[in-house]
Amino acid sequence: MSMINKAKNAAKGALGKAKVVAGKTTNDHSLKAEGKMDRTKASAKNTVEDVKDKFKK
């Protein structure tokens, strides 16, 4: 289950990166901010998954 969650988080992080790039390209500050927020959420969720993995061992 953890690998599935990590893959989902990686996909969300990549989507966030795409939003940041699109926001920079179109000069859309709200899209850029949304992308940064998505990347931060994905990173936080990956950290939680790492902690859960440590406690499973």
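Placed above this text is the structure.
Residues numbered from 1 in each chain as written. Predicted model: local features only at pLDDT ≥ 70, side-chain atom pairs only at ≥ 80, totals over all residues. Heavy atoms only, no water.

## So, the pattern of salt bridges
Think of it this way: side chains of opposite charge can pair up when their charged atoms draw near. In this structure the tally under the stated criterion is five salt bridges. Residues E34 and K19 are paired through a salt bridge, measuring 2.7 Å at the closest nitrogen-oxygen approach. Taken together, the residues E34 in helix α2 (residues 29–56) and K19 in helix α1 (residues 2–26) connect sequence positions 15 residues apart. You can call E34 partly exposed: its relative accessible area is 35%. (Salt bridge = Lys/Arg side-chain N within 4 Å of Asp/Glu carboxyl O. Helix = DSSP H or I, 4+ residues; strand = E, 2+ residues; numbered from the N terminus. Buried < 20%, exposed > 50% of the residue type's maximum accessible area, 1.4 Å probe, protein only.)

## A closer look at the side chain of N9
Mapped onto the secondary structure, N9 falls in helix α1. A distance of 3.4 Å separates polar atoms of two side chains, one belonging to N9 and the other to N46. Once residues lying within four places of it in the same chain are set aside, the contact partners of N9 are A42, K45, N46 and E49. (Polar contact = N/O pair within 3.5 Å; in protein donor to acceptor, adjacent residues only side chain to side chain. Contact = heavy atoms within 4.5 Å.)

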